[in-house]
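Here is how the chains run, residue by residue.
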There are 4 protein chains.
Amino acid sequence: MIIVMKSGCSQDEVKAVVKRIQEAGMREHISQGVERTIIGVLGQNILGLLDMLQLLPGVEQVIPVSKPYKLASREFHPQNSIIKVNDIAIGGDEIVIIAGPCAVESKEQLLATAREVKADGANILRGGAFKPRTSPYHFRGLGEKGLKILARAREETGMPIITEVMTPGDVELVASYADILQIGARNMQNYTLLDEVGKTKKPVMLKRGLSSTIQEWLLSAEYILAQGNEQLILCERGIRTFEPYTRNTMDISVIPIIKKVSQLPIIADPSHATGKWYLVAPLALAAIAAGADGLMIEVHPNPDLALTDGPQSLTFENFRRFMSQVMSIAQATGRKLATSDIKVKS
Amino acid sequence: MIIVMKSGCSQDEVKAVVKRIQEAGMREHISQGVERTIIGVLGQNILGLLDMLQLLPGVEQVIPVSKPYKLASREFHPQNSIIKVNDIAIGGDEIVIIAGPCAVESKEQLLATAREVKADGANILRGGAFKPRTSPYHFRGLGEKGLKILARAREETGMPIITEVMTPGDVELVASYADILQIGARNMQNYTLLDEVGKTKKPVMLKRGLSSTIQEWLLSAEYILAQGNEQLILCERGIRTFEPYTRNTMDISVIPIIKKVSQLPIIADPSHATGKWYLVAPLALAAIAAGADGLMIEVHPNPDLALTDGPQSLTFENFRRFMSQVMSIAQATGRKLATSDIKVKS
Amino acid sequence: MIIVMKSGCSQDEVKAVVKRIQEAGMREHISQGVERTIIGVLGQNILGLLDMLQLLPGVEQVIPVSKPYKLASREFHPQNSIIKVNDIAIGGDEIVIIAGPCAVESKEQLLATAREVKADGANILRGGAFKPRTSPYHFRGLGEKGLKILARAREETGMPIITEVMTPGDVELVASYADILQIGARNMQNYTLLDEVGKTKKPVMLKRGLSSTIQEWLLSAEYILAQGNEQLILCERGIRTFEPYTRNTMDISVIPIIKKVSQLPIIADPSHATGKWYLVAPLALAAIAAGADGLMIEVHPNPDLALTDGPQSLTFENFRRFMSQVMSIAQATGRKLATSDIKVKS
Amino acid sequence: MIIVMKSGCSQDEVKAVVKRIQEAGMREHISQGVERTIIGVLGQNILGLLDMLQLLPGVEQVIPVSKPYKLASREFHPQNSIIKVNDIAIGGDEIVIIAGPCAVESKEQLLATAREVKADGANILRGGAFKPRTSPYHFRGLGEKGLKILARAREETGMPIITEVMTPGDVELVASYADILQIGARNMQNYTLLDEVGKTKKPVMLKRGLSSTIQEWLLSAEYILAQGNEQLILCERGIRTFEPYTRNTMDISVIPIIKKVSQLPIIADPSHATGKWYLVAPLALAAIAAGADGLMIEVHPNPDLALTDGPQSLTFENFRRFMSQVMSIAQATGRKLATSDIKVKS
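Residues numbered from 1 in each chain as written. Chains lettered and ligands numbered in written order. Predicted model: local features only at pLDDT ≥ 70, side-chain atom pairs only at ≥ 80, totals over all residues. Heavy atoms only, no water.

Caption draft 1: Spatial organisation of the side chain of Gln-109 of chain A. Residues and elements named next belong to chain A. For Gln-109, the position within the fold is in helix α3 (residues 107–119). At a separation of 2.8 Å, a polar atom in the side chain of Gln-109 contacts the main-chain amide nitrogen of Glu-105. Once you skip the residues sitting within four places of it in the chain, Gln-109 turns out to touch Pro-101, Ala-103, Val-104, His-300 and Pro-301. (Helix = DSSP H or I, 4+ residues; strand = E, 2+ residues; numbered from the N terminus. Polar contact = N/O pair within 3.5 Å; in protein donor to acceptor, adjacent residues only side chain to side chain. Contact = heavy atoms within 4.5 Å.)

Caption draft 2: Looking closely at the interface of chain B and chain A. Tallying the contact residues gives 46 residues for chain B and 46 residues for chain A. When chain B packs against chain A, close to 3900 Å² is buried across both sides, 55% of that on carbon and sulfur atoms. Counting the surface chain B buries against chain A, the share from its top three residues, Leu-55, Tyr-137 and Asp-304 of chain B, is 15%. Connecting chain B to chain A are four salt bridges. Notably, a salt bridge pairs Arg-140 of chain B with Asp-195 of chain A, separated by 2.8 Å at the nearest N-O pair. Remark: the boundary between chain B and chain A carries 19 residue pairs in polar contact (both at pLDDT 80 or more). At the level of secondary structure, the elements contributing two or more residues to the side of chain B that touches chain A comprise α2 (49–54), α6 (191–199) and α7 (214–226) of chain B. Here the element with the most residues in the side of chain B that touches chain A is α7 of chain B; it accounts for six residues. (Buried area = accessible area lost by both parts, 1.4 Å probe. Salt bridge = Lys/Arg side-chain N within 4 Å of Asp/Glu carboxyl O.)

Caption draft 3: Fine view of the interface of chain B and chain C. On the side of chain C, 35 residues touch chain B, which itself brings 35 residues to the contact. Across the interface of chain B and chain C, roughly 2600 Å² is buried in total on both sides, 78% from carbon and sulfur atoms. Among the residues chain B hides against chain C, the three largest losses belong to Phe-242, Glu-243 and Tyr-245 of chain B. Together they make up 19% of the total. We note a salt bridge from Arg-208 of chain B to Glu-243 of chain C, for which the minimum N-O separation is 3.2 Å. Across the chain B-chain C interface, the total number found is four residue pairs in polar contact (both at pLDDT 80 or more). Every element with two or more residues in the side of chain B that touches chain C is listed here: α8 (254–261), α10 (277–289) and α11 (316–332) of chain B. For the side of chain B that touches chain C, the element with the most residues is α10 of chain B, which contributes seven residues. Broken down by class, the residue content of the side of chain B that touches chain C amounts to 21 nonpolar, nine polar and five charged. (Nonpolar A, V, L, I, M, F, W, Y, C, P; charged D, E, K, R; others polar.)

Caption draft 4: Representation of the sheet that holds strand β2 (residues 27–32) of chain B in the model. All names here are of chain B. One open sheet holds the four strands; their spatial order is β2-β3-β1-β4, and the pairing between them is antiparallel. On the outer flanks of this sheet lie β2 and β4 (59–63), each paired with one strand and no other. Going from strand to strand, the sheet's axes swing by 20° on average, the running direction of each strand aside. Sheet topology places strand β1 (residues 2–5) next to strand β3 (residues 37–42); three bridges connect them, and they run antiparallel. (Pairing = 2+ DSSP bridges. Axes fitted to C-alpha atoms, helices over the stretch in contact; angles between N-to-C directions.)

Caption draft 5: Broad picture of unusual backbone geometry. With a phi angle near 50°, Asn-86 of chain A is a residue other than glycine that sits in the positive phi range. For Asn-86 of chain A, the position within the fold is in the loop between β5 (83–85) and β6 (88–90).

Caption draft 6: Region of the structure containing the side chain of Glu-243 of chain C. Position of Glu-243 of chain C among the secondary structure elements: in the loop between β12 (232–236) and α8 (254–261). Residue Glu-243 of chain C is classed as buried on the basis of its relative accessible area of 6%. At 3.2 Å, the side chain of Glu-243 of chain C and the side chain of Arg-208 of chain B are in polar contact. Within polar-contact distance, the side chain of Glu-243 of chain C engages the backbone nitrogen of Tyr-245 of chain C at 3.0 Å. (Buried < 20%, exposed > 50% of the residue type's maximum accessible area, 1.4 Å probe, protein only.)

Caption draft 7: Structural view of the pairing of strand β14 (residues 294–298) of chain B. Residues and elements named next belong to chain B. With five of its five residues buried, β14 lies for the most part within the structure. A two-sided burial pattern is seen for β14, the buried positions comprising Gly-294, Met-296 and Glu-298 on one face and Leu-295 and Ile-297 on the other. Judged from the five bridges that link them, strand β7 (residues 94–100) and β14 form a sheet pairing that is parallel. Note on β14: the bridge partner recorded for Ile-97 is Leu-295.

Structure (structure tokens):
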């Protein structure tokens with residue numbers, strides 16, 4: 001921690017700051033500049049010291065130096081985390097494709113989609129049974145019935161399933177069906193929920209909140225890791241900006257940044273980020289080119305009849321064409337899809 | 001709902017849209033412009049029709065006309081909602097002051113603060129027992145012990161208490177102590193929690209999420225109202241922008257806007273919005289001048305020793321001076337404080 | 001300047017940084033922490049050193065300590081700047097009201113407005129002769145003809161006039177008519193224009209760009225001050241956020257912040273910030289309550305026939321009522337309007 | 001244009017709106033809904049009618065239907081614009097690489113860089129002679145001396161040059177040297193400058209302002225096109241968000257959107273968007289994968305000695321490696337670099 005004193009602060013003010021530092025069991029290091037005095041603080045940072053020092057007279061600014069997250073920091077975990085789901089490895093050399101409808105609507109809808117995306121090379125099936133909806137009057141998902149349909153699709157296709165859990169009280173139920181628990185963007189700072197999924201032994205995918213900084217996102221990851229669950233995947237799904245054309249603005253730069261500062265794998269969700277099906281492929285390809293470990297894509301047999309998120313869902317035909325494009329970009333970056341033996345029908 | 005067709009769309013595309021409208025049990029109204037065809041849709045909007053129509057060939061844009069919230073709309077509730085907490089009325093002619101520490105830290109800290117703010121004219125005591133914290137390593141509140149201390153302060157001072165509930169599993173517990181349940185900004189779209197507090201008969205204060213639009217906020221309010229709980233108060237606490245000087249940017253314009261579009265009372269929280277104690281008074285006065293129904297202010301006996309949010313807390317002395325300023329502005333807007341008989345010691 | 005080295009950096013990396021610091025004629029001060037090495041840099045900062053150091057191996061972060069603006073900083077100018085325009089003082093104890101139409105449309109329109117706002121207590125007349133417009137197809141102002149009409153209104157009413165100058169080539173022309181030169185939000189970083197108005201001896205009002213930080217705004221102010229023109233007034237007119245209800249989001253907190261960090265006066269323009277006439281009064285009152293030195297308000301004889309910005313303009317009747325509200329709030333903050341002898345006709 | 005009346009508006013209010021529409025020489029089309037009356041307006045939209053109608057009593061909302069830009073709209077120009085600079089075509093099948101230092105610092109620096117980037121496959125040389133700088137105390141470029149150095153580098157290498165023009169008074173001078181005139185982000189709404197470059201016959205590259213919507217950007221493009229200059233290229237360089245890690249947030253989604261709504265070519269500038277050299281390659285690859293027509297990349301012989309933007313500049317070695325990555329991604333998208341015969345030395 002570094003304390004920048006105001007220009008013209010008094011010696012007594014400096015002494016008072018030093019006294020507080022020493023009371024906290026730390027040591028100070030004073031640098032007298034031309035304009036200002038700077039005080040370095042040495043030792044293990046104690047809770048709230050930064051906030052306290054900020055209030056003392058003569059203090060201009062207190063600058064934290066250590067990163068506030070440890071378990072999610074590559075500094076302490078130089079090797080990539082690799083999350084295993086059956087025989088699929090997320091965060092390794094291969095690109096993982098998660099696909100399926102936004103919401104589970106019926107057995108027919110889900111099974112048809114599952115068969116199609118598997119045939120096209122997807123690795124993991126997505127589908128929401130509990131849906132967070134901006135309006136209380138919209139379709140909120142089939143609940144446990146939806147989970148059962150997902151399990152049925154897994155049985156038939158062999159694909160592991162990922163589905164969202166929205167509230168701590170549902171964690172046990174959802175974990176009893178799902179292979180990966182998804183935490184949605186609106187729940188990125190639902191700390192009780194983070195604690196609860198941290199206590200399970202299930203892989204978790206944590207979406208970035210739509211106005212969250214990278215540091216806040218990694219601190220939310222830290223909540224889950226701190227409970228002992230290291231099976232953690234991050235997912236970028238767009239941030240809120242002033243631009244009205246897209247639902248959100250997908251932050252592609254976060255992909256190489258996460259790769260640099262954290263060991264955790266990162267997946268991109270261009271369907272939610274853009275809200276428009278015709279932007280899904282270009283943004284997905286961009287994410288792969290920028291180094292994403294995988295993609296999460298919404299696919300629906302009849303997007304114009306979908307109960308949720310129709311406008312951003314790919315048709316089966318579009319998904320097939322999409323997969324062959326993804327494969328080309330993957331190869332161009334020296335990687336391949338986790339399912340490399342698919343027959344591309346472009 | 002209004003459908004704008006692409007310029008140069010075909011008659012068949014128009015017919016397909018009309019067919020879909022009629023299948024949904026609604027009627028169409030076609031206007032043939034110089035450049036474009038516009039189709040008005042008449043009748044009760046059914047679920048998801050807008051999303052579906054957006055996907056049809058030839059459709060440029062689908063524009064909703066009805067507001068998506070009803071229960072939170074002044075259009076359907078021309079009279080101001082007035083929320084009664086004991087003999088305090090929130091949303092009426094008088095300005096209500098909520099004050100207290102960010103977090104309950106000890107009986108001594110809370111009681112000292114409660115006595116002071118009551119003497120200075122505050123109406124309701126705030127204090128967090130469950131604290132949402134960005135980092136898992138920070139102080140997360142005293143939990144039920146904190147609630148008991150709050151109850152003790154109410155007993156002694158007679159002030160009703162407001163405290164945050166963070167998760168559905170705690171609603172019953174917190175409601176058994178609190179007079180008003182607070183939903184924090186990070187939980188504005190925690191829909192299960194909104195449902196749960198909607199089922200209680202307790203007044204609820206719903207903070208605006210830090211990247212939420214006004215419409216999303218009112219839709220979250222709609223969740224609570226839809227469960228039958230009309231004892232609802234809104235609270236603006238700053239939105240996230242690119243400006244790093246303040247923690248958030250307090251959106252003062254939301255105050256007159258809420259007054260125009262909704263019947264619900266609105267409170268301003270300049271302590272969280274600014275993150276700096278010396279900005280609390282100017283922003284609080286601004287909020288009152290703009291028509292806020294009340295203020296929520298953080299006060300602490302020793303801000304530089306506070307476990308949370310010290311930098312934005314007022315000292316007792318600052319709070320006293322602050323209250324006399326608030327009173328002046330209130331009078332200038334033709335209103336008065338709910339506690340009008342305080343002795344101002346400026 | 002403070003250099004934070006990466007945890008685990010080598011001694012050679014530290015030495016290389018120190019060498020570079022010494023080559024720049026400055027001295028270093030090394031603090032060896034538990035996790036990291038911190039290097040303080042002492043001496044006059046030379047151009048670009050910060051950027052260079054950031055690139056050296058082993059460097060985690062370089063933190064500037066001195067503020068990048070000097071002439072616009074209260075640290076170096078503890079007394080408020082007071083800008084005199086005739087007998088009006090901007091930045092002193094009195095609140096100054098600038099009012100008039102968005103654009104000068106005709107002699108009749110401007111004179112009628114000038115007479116009305118003067119009678120109601122306004123001090124300075126506004127009116128655009130050169131209008132920055134998002135679309136090339138919109139009305140771009142009357143140009144010099146508009147300036148002549150403004151001069152005519154000044155002659156008749158005695159009010160000084162403020163009008164926008166958009167491009168360096170027009171500075172001489174506009175300065176030959178105007179009493180205050182206005183730099184619009186879109187031109188806040190038009191540096192050639194800032195240089196040019198800095199070279200005149202006319203007072204300048206610099207609006208904040210709609211995505212500018214406070215520091216960038218003060219650096220733009222520094223451009224004007226650095227040319228020797230200290231007759232500078234700042235004007236907040238809203239920043240761009242994700243909220244679609246208002247045209248921009250007025251940042252009221254910038255008012256007390258500017259008052260704290262700079263000696264320059266600050267005016268608020270709620271007409272442009274909100275884009276809606278019914279939000280002008282509440283935001284104007286908020287700005288005064290927060291400490292603004294004045295207001296700039298759009299008034300038009302027939303807002304629904306205005307060529308620009310009709311929806312945000314007050315009618316004469318609304319402006320009259322507005323002025324009496326402003327006066328009340330001003331008094332409540334212990335100040336008064338610059339024109340104190342007006343007869344309020346509420 | 002569509003007018004949505006308030007629910008419960010009177011017949012007289014509807015009549016008043018209709019009267020105004022007819023006075024403007026247009027026709028109305030009334031749809032009576034269950035809750036609301038909707039009025040369609042048919043005919044050529046006249047200036048300001050929308051704004052006027054918005055103010056009439058009973059009007060809830062006025063919705064424009066036609067796009068406000070025509071010359072920049074693909075609707076009216078289905079074919080891609082292709083901008084020719086010597087034998088280089090921007091906007092066609094080949095990807096164009098613009099490279100060079102942020103600022104021209106010396107003949108040695110520029111020539112060394114020009115030779116290197118040409119050898120590595122770049123097509124156009126960049127270098128700033130006039131630099132917009134946030135602070136008046138920073139290096140503002142060599143001015144005409146810099147232009148002469150650029151011309152010298154063109155002479156030697158045969159590469160066309162692009163350089164920024166900051167103010168209308170410099171357009172003639174800069175155009176006498178440059179092959180492409182660059183309008184920087186801060187000048188995107190410097191309308192006089194847009195008019196002036198529109199009057200030249202030189203190709204222009206228009207950067208997106210850092211808080212500009214797509215529509216505003218295309219309206220600024222419209223300014224240039226409206227002057228008869230169709231040699232126009234767009235350039236995305238990042239928008240301002242709340243995320244502090246990167247200088248700006250590169251909006252990759254704007255690339256496919258521009259391709260959809262406009263005929264104009266679009267270039268990506270990941271150097272300015274990210275502000276960090278190690279993010280340049282991933283974002284550049286992402287831009288190409290998303291369909292960009294080219295890239296603009298900062299390269300410097302000694303980034304840690306650069307006078308401007310060192311931290312975001314690639315070294316020669318990094319640029320070489322970068323070009324081979326770009327080539328791979330280009331191929332994967334079925335395109336190739338404009339300079340296809342380079343020897344890649346990865």
